[in-house]
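Spelled out from the first residue to the last, the chains are:
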Amino acid sequence: MDIGVIGLGRMGGNISLRLMRGGHRCVVYDRSDKAVADLAAKGATAASGLADLVARLPAPRTVWVMLPAGAITEATVTELGTLLGKDDIVIDGGNSFYKDDIRRAKALAAQGIHYVDVGTSGGVWGLERGYCMMIGGAKDALARIDPILATLAPGIGTIPRTPGRDGRDPRAEQGYLHCGPAGSGHFVKMVHNGIEYGMMEAYAEGFDILKNKASDALPEDQRFTLDMADIAEVWRRGSVISSWLLDLTAAALAENESLSNYSGEVADSGEGRWTIEAAIEEAVPTPVLSTALFTRFRSREGHTFAEKLLSAMRFKFGGHVEQGHGS
């Protein structure tokens, strides 16, 4: 298939490469001339802008937008709406807010343009491993782009098949799924990322407990100096908590067990917040996911006013002096 790809960062560039490896023709554009030139050197067709990209695609056209959620994606989709025609397809493969997808899909549908939202998981490893994709949009639009999705997906691979799936959508086993109408793909991906926050926080807290078992605050005979890298490694082998996130944790600890090359300030890209907002709208209790998000906020601050107030109250009611301050 012919496809335009807009946004050639870590994800967009690798998506283009995987598609070209699968025999698809990619017309690519990015604000970075170097990013465009690098992919053109590997077989892509370079475009100088959105209008040029659209002009280089045969109708009906398919354009994949792989940009950060927010203003830049909004502006790009809006401009594409003025350039594309009836039966063309716009795919947003980034992490847009699902309510924005619903609005954009309605606006483009009025012009006869299809809008497909693809929640894309796989990160920098997707070029080789493939991408897990959660997709929202009309069935006829998805049928047209299925060759693209099948190329990007990881396939069944070595993962054992789940018993009892006879008669269900076979695409899920391949690593991509039509979740429902516009917005549903990014909604499922949003919750996926919220769960990811919770899983990462659980690992982080557990390893923090292990590391601090050597604390001087403990009785001497209860102190253990534990090897974080080896514990992560043994948990990868047959443990009930093994996962790809644990694989990555083991790799990071093997490289530098103290993690001194990291600041500990943890960003959030928006999906965690949106997941909690959805939980509030649905009245679904999410203590784990909420705490994981708030911990990321906390990681970006030093000693907060709240912590100072806690210390003040402890001193006032019990005379508790902060560690390292007085006797």
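The notes below deal with the structure included here. (Residues numbered from 1 in each chain as written. Predicted model: local features only at pLDDT ≥ 70, side-chain atom pairs only at ≥ 80, totals over all residues. Heavy atoms only, no water.)

### As for a nonpolar patch on the surface
A surface patch of nonpolar side chains, amounting to about 370 Å² of accessible area, comprises Val124, Trp125, Trp244 and Leu248. With respect to the element layout, tryptophan 125 can be found in the loop between strand S6 (114-121) and helix H6 (126-129). (Patch = residues over 30% accessible without salt bridge, like charges linked within 9 Å, V, L, I, M, F, W, Y side chains within 5 Å. Areas by Shrake-Rupley, 256 points an atom, 1.4 Å probe, with all protein chains shown as cover. Salt bridge = Lys/Arg side-chain N within 4 Å of Asp/Glu carboxyl O. Helix = DSSP H or I, 4+ residues; strand = E, 2+ residues; numbered from the N terminus.)

### Considering the side chain of serine 121
Tracing the sequence through the fold places serine 121 in strand S6. Serine 121 sits in the buried class, given a relative accessible area of 18%. (Buried < 20%, exposed > 50% of the residue type's maximum accessible area, 1.4 Å probe, protein only.)

### Details of the environment of asparagine 95
Among the secondary structure elements, asparagine 95 is positioned in the loop between strand S5 (89-92) and helix H5 (98-109). Take asparagine 95: its relative accessible area is 26%, and that puts it in the partly exposed class. Sequence separation between asparagine 95 and aspartate 33 is 62 residues, and the spatial gap between their C-alpha atoms is 24 Å. Reaching out from asparagine 95, the side chain makes a polar contact with the side chain of lysine 189 at a distance of 3.2 Å. One polar contact links asparagine 95 to glutamate 271, side chain to side chain, over a distance of 2.6 Å. (Polar contact = N/O pair within 3.5 Å; in protein donor to acceptor, adjacent residues only side chain to side chain.)

### So, the packing of helix H10 (residues 228-235) against helix H11 (residues 244-255)
Running from amino to carboxyl end, H10 crosses H11 at an angle of 155 degrees, the nearest separation of the two axes being 8 Å. Our classification of the angle between H10 and H11 gives roughly antiparallel. Between H10 and H11 lies a crossing of left-handed hand. Listed contacts from H11 to Met228, Ala229, Ala232, Glu233 and Trp235 of H10 are Leu246, Ala250, Leu253 and Ala254. Considered class by class, the residues forming the contact of H10 with H11 number eight nonpolar, no polar and one charged. (Axes fitted to C-alpha atoms, helices over the stretch in contact; angles between N-to-C directions. Parallel < 35°, antiparallel > 145°, perpendicular 65-115°, else oblique. Left-handed = near helix turned anticlockwise from the far one by under 90°. Contact = heavy atoms within 4.5 Å. Nonpolar A, V, L, I, M, F, W, Y, C, P; charged D, E, K, R; others polar.)

### Some thoughts on unusual backbone geometry
Cis geometry marks the peptide bond from alanine 59 to proline 60, where omega comes out at -10 degrees. Structurally, the position occupied by proline 60 is in the loop between helix H3 (50-55) and strand S4 (62-65). The phi torsion at aspartate 87 lies on the positive side, around 75 degrees, for a residue other than glycine. Classification of aspartate 87 by relative accessible area gives partly exposed; the value is 34%.

### Re the pairing of S4
Both faces of S4 are covered, namely the face carrying Thr62 and Trp64 and the face carrying Val63 and Val65. Note: strand S1 (residues 2-6) against S4, three bridges, orientation parallel. Bridged to valine 5 within S4 is tryptophan 64. Examined bridge by bridge, S4 and S5 share four bridges and lie parallel to one another. Of the residues in S5, the one forming a bridge with tryptophan 64 is isoleucine 91. (Pairing = 2+ DSSP bridges.)

### Examining the side chain of glutamate 201
By the secondary structure assignment, glutamate 201 is in helix H9 (residues 184-211). There is no salt bridge for the buried glutamate 201, and the closest opposite charge comes from arginine 296, which lies 6.2 Å off by N-O distance. Contact partners of glutamate 201, with chain neighbours within four places excluded, come to Ala292 and Thr295. (Lys, Arg positive; Asp, Glu negative; His and termini not counted.)

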